[in-house]
Amino acid sequence: MSLNELKKYINSKRRDFADKPLNEQETSNNPFDQYAVWFQEALAAEILDPYAACVSTVNQNGQPSSRMVYIRDIIDQGFVFYTNYNSSKGLDIEVNKNGSFNIFWGELERQIRINGEIEKVSPKVSDAYFNSRPRASQLGAWASSQSNVLKSREELTHKLNEITKQFEGKKVPRPMHWGGYRLVPNLIEFWQGRPSRLHDRIVYTKINDKWERSRLSP
Ligand SMILES: Cc1cc2nc3c(=O)[nH]c(=O)nc-3n(C[C@H](O)[C@H](O)[C@H](O)COP(=O)(O)O)c2cc1C
């Protein structure tokens, strides 16, 4: 496909959304319960990796970056993901704790937006998750200086071979530079596509430690 054909295609393609309303009365009082209700429906709809979310962070110059991660846990009202603390996202979070998730479940015509502050989970929590990972992933965490430039693929393979030898016959400990972050939300929005772009948006905002619910214009 040429770039011109592509431009013509994306400019003309239209698809209306089905008519499955999201009503205030049907949503839970607590957004985490609502997330669980929708998650169950995502499983039933066989969504690929329903725990995948796009996480956005902002660097010291105010430049946002977005990338996918897996939400692996919910601890003390916070969504947990694991990564390299020295990665680009790790460095962003060090200077700016504000972050957001976006989850899109196309088959259900649903989007969930989550805004909040990001903090590290305890070393104990990170250890427990690291220890539960397959050995190959544990070795990978040591081998990869995530977000740094590699001269070639061979450089990574070479590093992995070295690390594999180093830990032969031994338990692989969690590297200090690898662990979990918890995004503690102050806003969670549930978006349901509706016909003619008149979508439903139910947003939960945390005010004085209580969740308040409102409807936003699409
Ligand atoms: C579906 C999916 C899930 C991912 N999950 C993770 C994850 O849980 N942790 C992680 O560090 N990277 C994950 N990645 C890779 C990240 O998107 C990203 O490439 C990496 O974390 C480096 O990002 P950064 O350089 O902005 O820090 C995932 C990628 C995809 C496509």
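Above this text is the structure in question.
The model shown is predicted, which means the values in this text are computed figures rather than measured ones.

Caption draft 1: Spatial organisation of the packing of helix H5 (residues 135-143) against helix H6 (residues 153-166). One way to put it is that H5 packs onto H6 with a least axis distance of 9 Å and a crossing angle of 115 degrees. Relative to H6, the crossing made by H5 is right-handed. Taking contact as the criterion, the partners of Leu-139, Gly-140, Trp-142 and Ala-143 in H5 are, on H6, Leu-156, Lys-159, Leu-160, Ile-163 and Thr-164. Here the contact of H5 with H6 is composed, by residue class, of six nonpolar, two polar and one charged.

Caption draft 2: Structural view of the site of the ligand. Close to the ligand lie Arg-67, Met-68, Val-69, Tyr-70, Tyr-82, Thr-83, Ser-87, Ser-88, Lys-89, Gln-146 and Ser-147. At 2.8 Å from a nitrogen atom of the ligand is found a main-chain nitrogen or oxygen belonging to Tyr-82. A distance of 3.4 Å separates an oxygen atom of the ligand from a polar atom in the side chain of Ser-87. When the free accessible area of the ligand is taken as 620 Å², the share hidden by the protein chains comes to 64%. Taken together, the elements giving at least two residues each to the shell around the ligand come down to strand E2 (64-70), strand E4 (78-84) and helix H3 (88-95). In terms of residue count, the dominant contributor to the shell around the ligand is E2 (four residues). Classifying every residue of the shell around the ligand by side-chain character gives four nonpolar, five polar and two charged.

Caption draft 3: Representation of the environment of Met-68 in the model. Of note, Met-68 is situated in strand E2. Since its relative accessible area comes to 54%, Met-68 is described here as exposed. In this structure, the C-alpha to C-alpha distance between Met-68 and Ala-53, residues 15 residues apart in sequence, is 5.4 Å. The contacts of Met-68, once residues within four sequence positions are left out, are Ala-52, Ala-53 and Cys-54.

Caption draft 4: Molecular detail of the pairing of strand E1 (residues 52-58). For E1, the tally of buried residues reaches six of seven residues, placing the bulk of the element in the interior. Note: E1 against E2, seven bridges, orientation antiparallel. Bridging from a neighbouring strand, Val-58 pairs with Pro-64 of E2. Sheet topology places E1 next to strand E5 (residues 98-105); three bridges connect them, and they run antiparallel. What sits directly across from Cys-54, in E5, is Asn-102.

Caption draft 5: Molecular detail of the pattern of salt bridges. Overall, the coordinates contain 11 salt bridges when judged by the stated rule. In this structure, Arg-197 and Asp-16 form a salt bridge, with 3.9 Å as the shortest nitrogen-oxygen distance. Here Asp-16 lies in the loop between helix H1 (3-12) and helix H2 (31-44) and Arg-197 lies in the loop between strand E7 (178-192) and strand E8 (200-207), a separation of 181 residues in the sequence. Judged by relative accessible area, Asp-16 falls into the partly exposed class, the value being 44%. Among the salt bridges present, the one from Arg-194 reaches Asp-19, with a minimum N-O distance of 2.5 Å. Taken together, the positions of Arg-194 in the loop between E7 and E8 and Asp-19 in the loop between H1 and H2 put the pair 175 residues apart, joining distant regions of the chain. Take Arg-194: its relative accessible area is 18%, and that puts it in the buried class. Connected through salt bridges with shared partners, the residues Asp-19, Glu-24, Arg-194, Asp-200 and Arg-215 form a single ionic network.

Caption draft 6: Expanded view of the nonpolar core. In terms of nonpolar packing, the biggest core is built from 29 residues, with Phe-101, Trp-105 and Ile-112 touching the most fellow members. Put simply, the parts of the chain that give this core at least two residues each are H2, E1, E4, E5, strand E6 (110-120), E7 and E8. Contact partners of Trp-105, with chain neighbours within four places excluded, come to Trp-38, Phe-39, Ala-42, Ile-47, Pro-50, Arg-110 and Ile-112.

Basis of the calculations
Residues numbered from 1 in each chain as written. Predicted model: local features only at pLDDT ≥ 70, side-chain atom pairs only at ≥ 80, totals over all residues. Heavy atoms only, no water. Axes fitted to C-alpha atoms, helices over the stretch in contact; angles between N-to-C directions. Helix = DSSP H or I, 4+ residues; strand = E, 2+ residues; numbered from the N terminus. Left-handed = near helix turned anticlockwise from the far one by under 90°. Contact = heavy atoms within 4.5 Å. Nonpolar A, V, L, I, M, F, W, Y, C, P; charged D, E, K, R; others polar. Near = heavy atom within 4 Å. Polar contact = N/O pair within 3.5 Å; in protein donor to acceptor, adjacent residues only side chain to side chain. Areas by Shrake-Rupley, 256 points an atom, 1.4 Å probe, with all protein chains shown as cover. Buried < 20%, exposed > 50% of the residue type's maximum accessible area, 1.4 Å probe, protein only. Pairing = 2+ DSSP bridges. Salt bridge = Lys/Arg side-chain N within 4 Å of Asp/Glu carboxyl O. Core = buried A, V, L, I, M, F, W, Y, C linked by side-chain atoms within 4.5 Å.

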